[in-house]
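Okay, here's what each chain looks like letter by letter:
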Amino acid sequence: MNYLIALDLDGTLTNERKEITPRTKDVLMRLQRQGARLCLASGRPPYGMRPLAEQLHMAEYGGILLCYNGGHVEECATGRVLTEHTLDERLLPRLVEWQHESGMTLMTYHGDTIYTEKPKDEYVARSSRNNKMRVEGVADFVRDTPRPLNKCLMVGNPAVVAEWEQRMADEMGDRMHILHSTPYFIELLPPGIDKGAAIEAVVHHCGLTRDSLIAFGDSHNDIDMLCVAAVGVAMGNAEEEVKRAATHVTLSNEEDGVAVFLQSFNPSIL
């Protein structure tokens, strides 16, 4: 079975407790043993994705991690980096100004740590829990954050995020890729970085074609990936725009939507 199965994490592969359920794990393990390869595709940093890859034994089956929405791609078995893109550091002072103007919080990932000038922010704490990363407060974001930076995030109240995502894109959309991955996260990425372009490169790396790609997602940053795939599956809990872009809609992440769809798609793993 020469399939590549691309899986968003939060709201897709994992349930609301950020866990892979036993049923979903069993189905994915069966498919890997039959020859399928997995690609975890997320805005998360590598550190926040590797434990899930280990649960699925992806290193044994040629799995791939697509991190930072495609800004960093690596092989599970070897750790070899296939793709690496970083933000233009000259943009960082403007990001700090946006933080002050909007009241949101600017943060970034590096290694096992989240860096921010506002370490007590509730949305920073949420990201820390999801990725099992520690938080380090810095006095000056531009001066004190380690390099390179694959991406930054602006996090805050969903009503503020909705307003500022467009304002940021209008001002600097030609120098960064700006999108939301959850209602409270704005992703600030190098230009041209998205899951769609990245998963196409992964498909080519695996010696496959788009006809072999099955992709699952639930949020706005998954749309490009679902459109690239021959089989693009939106979760039952997905945003309506995501469902419209998909070829199929499955049950929610709380109802083992990934496993349910894959078992219907390939009855041999029932």
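Figured I'd write up the structure that's included with this text. Residue positions are counted from 1 within each chain, in the order its sequence is given. Per-residue local features of the predicted model are confined to residues with pLDDT of at least 70, and side-chain atom pairs are confined, for both listing and counting, to 80 or more; whole-chain, interface and lining totals are unaffected and use all residues. Values shown for side chains rest on all heavy atoms present in the structure; no hydrogens or waters enter the calculation.

## Considerations on empty space enclosed by the protein
1) Next: Here a cavity denotes grid points, spaced 1 Å and computed from the protein atoms alone, that fit a 1.4 Å probe unable to get out, and a pocket denotes an open set having protein on both sides within 12 Å along at least 5 of 7 lines; residues with an atom within 4 Å of a point are the lining. Grid points are joined across faces, edges and corners, and a volume is the space filled by probe spheres set on the points. Enumeration over the complete set of coordinates arrives at one cavity of 30 Å³ or more.
2) Next: In terms of lining, the largest cavity is formed by Thr 12, Leu 13, Thr 14, Asn 15, Glu 19, Thr 21, Thr 24, Asn 253, Asp 256, Gly 257 and Val 258.
3) Next: Amino acids outside the nonpolar list (Ala, Val, Leu, Ile, Met, Phe, Trp, Tyr, Cys, Pro) and the charged list (Asp, Glu, Lys, Arg) are all regarded as polar, and Gly is one of them. Class assignment for the residues of the lining of the largest cavity results in two nonpolar, seven polar and two charged.

## Regarding the sheet that holds strand β14 (residues 248-249)
Two strands in a sheet stick together by hydrogen bonds in their backbones, pointing the same way (parallel) or opposite ways (antiparallel).
1) Next: Two strands qualify as a pair provided DSSP detects at least 2 bridges between them. In this description a helix means any DSSP run of H or I spanning at least four residues, a strand means any run of E spanning at least two, and both kinds are numbered starting from the N terminus. Read across the open sheet, the eight strands follow the order β5-β4-β3-β2-β1-β12-β13-β14; overall the sheet is mixed. With partners counted over all chains shown, the strands left at the sheet margins are β5 (81-84) and β14, one partner each.
2) Next: Note that strand β1 (residues 4-7) and strand β12 (residues 213-217) share four bridges and pair parallel. Directly across from Leu 4, in β12, lies its bridge partner Leu 213.
3) Next: Where helix α10 (residues 257-265) meets the sheet, its contacts fall on β1, β12, β13 (231-234) and β14, and the angle it forms with β12 comes to roughly 155°. Contacts are assigned to residue pairs with any non-hydrogen atoms lying within 4.5 Å of each other. To obtain an axis, a line is fitted to C-alpha atoms, over the contacting stretch when the element is a helix, and the angle between two such axes runs from 0 to 180 degrees between their N-to-C directions.

## Remarks on the pattern of salt bridges
1) Next: The rule for a salt bridge is simple: a side-chain nitrogen of Lys or Arg has to be within 4 Å of a carboxyl oxygen of Asp or Glu. Considering all chains together, one arrives at 21 salt bridges under this definition.
2) Next: Put simply, Lys 18 and Asp 10 hold a salt bridge, and the shortest N to O gap is 3.3 Å.
3) Next: The structure contains a network of salt bridges with shared partners spanning Arg 94, Glu 97, Glu 101 and Glu 171.

## Brief notes about the environment of Cys 152
1) Next: Looking at the secondary structure, you find Cys 152 in strand β9 (residues 152-155).
2) Next: Throughout this description, buried means an accessible area under 20% of the type-specific maximum (1.4 Å probe, protein chains only), exposed means over 50%, and partly exposed covers the range between. What makes Cys 152 buried here is its relative accessible area of 0%.

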